[in-house]
Amino acid sequence: MRISSAQILAPALLLCAAGATAHTNEHGLDPRNFDARTPACTDFFQHADGGWLATNPIPAEYSTWSLDNEIGERNTAILKRILEAAAAHPGAPGSATQKIGDFYAAAMDEGAIDKAGYAPLQTDLAAIAALKSPAGVAALIVAWQARGDDMLFDFEAQPDLRNSGTDIAYAGQGGIGLPDRDYYLRDDAKSKQLRGQYHQHIERMLGLLGDKNARAEADWVLALETRFAKASLDRVALRDPNNSYHILTLAQADAKTPKFSWTAFFHATGRDDLKSFSLAQPDFFAAADAALTQVPLPHWQAWLRWRLVDADAPYLSRPFVDADFAFKGGVLRGAKQNLPRYKRAIRSADHTVGELLGQAYVEQVFPPEAKQRALDLVNNLKTAMRARIARLTWMSEATKKSAYAKFDTLVAKIGYPDRWRDYSPLQITRASWIANVRAARAFEAQRQFAKLDKPVDRSEWDMTPQTVNAYYNPMGNEIVFPAAQLLPPYFEVTNDDALNYGGIGSVIGHEMTHAFDDEGSQFDAQGNLANWWTADDRKHFEARAQKLVDQFNAYVPVDDLHINGKLTLGENIADLGGLLVAYDAFKLTAQGKGDAKIDGLTPDQRFFHAYAQTWRTAQRPAQLRLQVQSNEHAPAKFRTNGPLADVPAFAGAFACKAGDAMVRPASQIVEIW
Ligand SMILES: [Zn+2]
């Protein structure tokens, strides 16, 4: 992925209102965004983006403010108009406009939501209160997981890593409320302080449910989640796909977790026919199973209440929304106030009925011609990357042949899906936001269950068209660019090539390079986890990758926190490769071959400015800490300066000299792809 997903709190199995401000030129390069006082060769991020940073304070309701946020704001305005129009004229029952219109209207009905309090949770709270035994706890978890509530584990259909044409079930570690298992285990003062704040937050939320014993319950919840955290793999280990691939028959899985029945679970999902699945992290499930008998029933009940209210708080009355924001938005990310209701409603619609909304969105922003223009760019990038592979000195011809095979089957998806998702079984009404969200969760769970042991649907997308992001899917060997990532200033047909190649070109190159990063390179042309490297070539690759790990390990973005070079390796390989291939492709254009200045900048200078512009980003310290500790993407400043210092053409473009901060000594320069 290019940037961190918004759903950072939900660990994934394998896999980021102020409006445009005065100093923002939406379409090209605006010199007012530069900082001429900082030399390009000292800190190019500051040189290229310092003016923008100085004049674009982070709005109170955000913890990150970036170019992508600015584009997101423009999108939000478009989506708001679409949703308001649909709410005013919902059309025929069951139609797309009825669903998105009623969804939005229910989410905006603050009066009804506040009046309901936490009444929507009462049935579930009663079910928790009625539990009598560990077997009852297990049965309740089974039932709720089957309706789409990931109480204890993540569940999804994904291609079989060794047979990528078929979807199978993956059940992965979960059960924790903090962003990462390390949050429970670190011993430094800041981590301890954060756990204290988390404890207070749990106590407050359970208190809002009327619990009289909320402080002790918070102790129990934290202790149980710490148990889960200790049994969980860390994020670096999760980057190895083998660590999510443990195929067991249902009988074998049931033997692994004697108190928790997978047979009962798949029965509840309607898939009795299933013979096997991946119990992705068996040690986690064994530990959770042991806890069923070792941990007292009231502790499990407290944890279940917590998981329930933690998941649904955003859709409840004001006290729940405020408390939820105070911790997740405030403590964890440093935001000063919550998003206005309409923005929360739009995000919720995006996460639940996103492709219905997307259909209306692309009609407004992405004409069919745009698809062809973007495809042309992708093809130019592919040509450049193929030439780069051919020139690699560290890779043998045998491995290159397999690399070409993988490259030649790489599919590019542009803008929006050829076939839209079918939401017809999903019922949306104007009566209740939380009921709609829950219906959408159940619908999504059923969609996942229905896919198991069936051929993979290659037409599906994992991001909605209105998402400002892009991704590479190793099992489909595909790069995917939502329409919202293909907008100005990333991409505009009237831009000069320097801007388009430095902008969207580097994004396309980034996603392409993911096919060959530390993780993607373990998958072959068919999307199977299979080695296509000679042992020697792999060694050379890993030695070069290690230099990049060392580079990023040395960066300290906030307090005394270092970037985790191993965790961010895939993204850093993709950034560096993407920049190099985009530059090569640019040099094939007429502008790239020439030297005509525009607004005082040479073609190469414009290219590198366009690249740095895409990374203009300000983050609050809390958000930076969160990102460094739990995200595979390094902070923007290091994604700008890190790769640029590895590119000799950058030093050439700005006449940087040996010894300048933006010029890495030759012995430390990394070049992989
Ligand atoms: Zn990426």
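Worth saying up front: this structure is predicted, and the values here are computed from it rather than measured. Throughout, a residue's number is its position along its own chain's written sequence, starting from 1. The predicted nature of this model means local features are confined to residues of pLDDT at least 70 and side-chain atom pairs, given and counted, to a pLDDT of 80 or more, with totals for whole chains, interfaces and linings taken over all residues. Hydrogens and water molecules were not included; the side-chain quantities draw on all heavy atoms of the structure.

**Student:** Quick rundown of the coordination of the zinc ion? Include the residues and the values.
**Tutor:** Donors, by definition, are the N, O and S atoms found within 2.8 Å of a metal, the threshold being 3.2 Å for Na, K and Ca, and water is not counted, so a site can look incomplete. Every protein donor of the zinc ion is accounted for by M1 (N), M1 (O), H510 (NE2), H514 (NE2), E571 (OE) and E571 (OE), and the metal-donor separations fall at 1.7 to 2.8 Å. For the zinc ion, the six donor atoms in the first shell make angles of 51 to 159 degrees at the metal, a pattern classed as irregular. Only protein chains enter the accessibility calculation, which uses a 1.4 Å probe; a residue is then buried when its area is under 20% of its type maximum, exposed when over 50%, and partly exposed in between. Using a relative accessible area of 22% as the deciding quantity, one classes M1 as partly exposed. Irregular is the label for any site that misses the other tests, which are tetrahedral for four donors with all angles between 85 and 135 degrees, and square planar for four donors or octahedral for six when opposite donors exceed 155 degrees and the remaining angles lie between 65 and 115.

**Student:** Outline the sheet that holds strand β2 (residues 154-160), supporting the account with residue identities and numerical values.
**Tutor:** Pairing between strands is defined by DSSP: at least two bridges between them are needed. Helix and strand labels come from DSSP, where a helix needs a run of H or I of at least four residues and a strand needs a run of E of at least two; each type is numbered from the N terminus. Read across the sheet, four strands follow the order β2-β3-β5-β4 without closing on themselves; strand pairing throughout is mixed. Pairing within the sheet leaves two strands with one partner each, and these edge strands are β2 and β4 (247-249). Averaged over neighbouring strand pairs, the angle between their axes works out to 40 degrees when direction is ignored. Here an angle of 0 to 180 degrees is reported between the N-to-C directions of two axes, which are lines fitted to C-alpha atoms, with helices fitted over the stretch in contact.

**Student:** Describe the domain arrangement of the protein, and please don't skip the residues or the numbers.
**Tutor:** Reports often express the size of an interface as the amount of accessible area lost when the parts come together. For the protein, the assigned domains are domain 1 (37-77 + 353-668) and domain 2 (119-315). Boundary definitions for the domains trace back to an automatic or database domain assignment. Using only C-alpha atoms to locate each centre, domain 1 and domain 2 end up separated by 32 Å. Every residue pair with non-hydrogen atoms within 4.5 Å of one another is taken to be in contact. The interface of domain 1 with domain 2 comprises 38 residues on the first partner and 47 residues on the second. Here domain 1 and domain 2 share an interface that buries about 3,700 Å² over both sides, 53% of which is from carbon and sulfur atoms. We define a salt bridge as a side-chain nitrogen of Lys or Arg found within 4 Å of a carboxyl oxygen belonging to Asp or Glu. Summed over the shared surface of domain 1 and domain 2, the result is seven salt bridges. R441 serves as the salt-bridge partner of D312, at 2.6 Å between the closest nitrogen and oxygen. Here a polar contact is recorded for every N or O atom pair within 3.5 Å, except that within protein the pair must consist of a potential hydrogen donor and a potential acceptor, and residues adjacent in sequence are included only if both atoms are side-chain atoms. Scanning the region where domain 1 abuts domain 2 turns up 19 residue pairs in polar contact (both at pLDDT 80 or more). Each of two parts loses accessible area, computed with a 1.4 Å probe, when they are put together; buried area is these two losses added.

**Student:** Summarise the pairing of strand β8 (residues 478-482); cite the residues concerned and give the values.
**Tutor:** Here β8 lies mainly inside the structure; five of its five residues are buried. A two-sided burial pattern is seen for β8, the buried positions comprising E478, V480 and P482 on one face and I479 and F481 on the other. In this structure, strand β6 (residues 411-415) lies alongside β8, joined through five bridges in parallel fashion. Residue pairing for β8: K413 is matched across the bridge by V480. Across three bridges, strand β7 (residues 471-473) lies against β8 in antiparallel orientation. Bridge pairing in β8 links N473 to E478. Between β7 and β8, which pair antiparallel and follow one another directly, the connecting turn spans four residues, one of which, N477, has a positive phi of 45 degrees.

**Student:** Just give me the short version of the pattern of salt bridges, but keep the residues and values in it.
**Tutor:** Following the criterion strictly, the structure yields 46 salt bridges and no others. Among the salt bridges present, the one from E671 reaches R388, with a minimum N-O distance of 3.2 Å. A residue pair is termed long-range when its members are at least 10 positions apart, and E671 in the segment after α28 (648-653) and R388 in helix α18 (residues 368-391) qualify at 283 residues. When the shortest N-O distance is used, the salt bridge between D496 and R606 registers 2.9 Å. With D496 in the loop between β8 and α21 (497-514) and R606 in helix α25 (residues 603-614), this residue pair connects regions lying 110 residues apart in the sequence. Both residues of the pair, D496 and R606, belong to the buried class.

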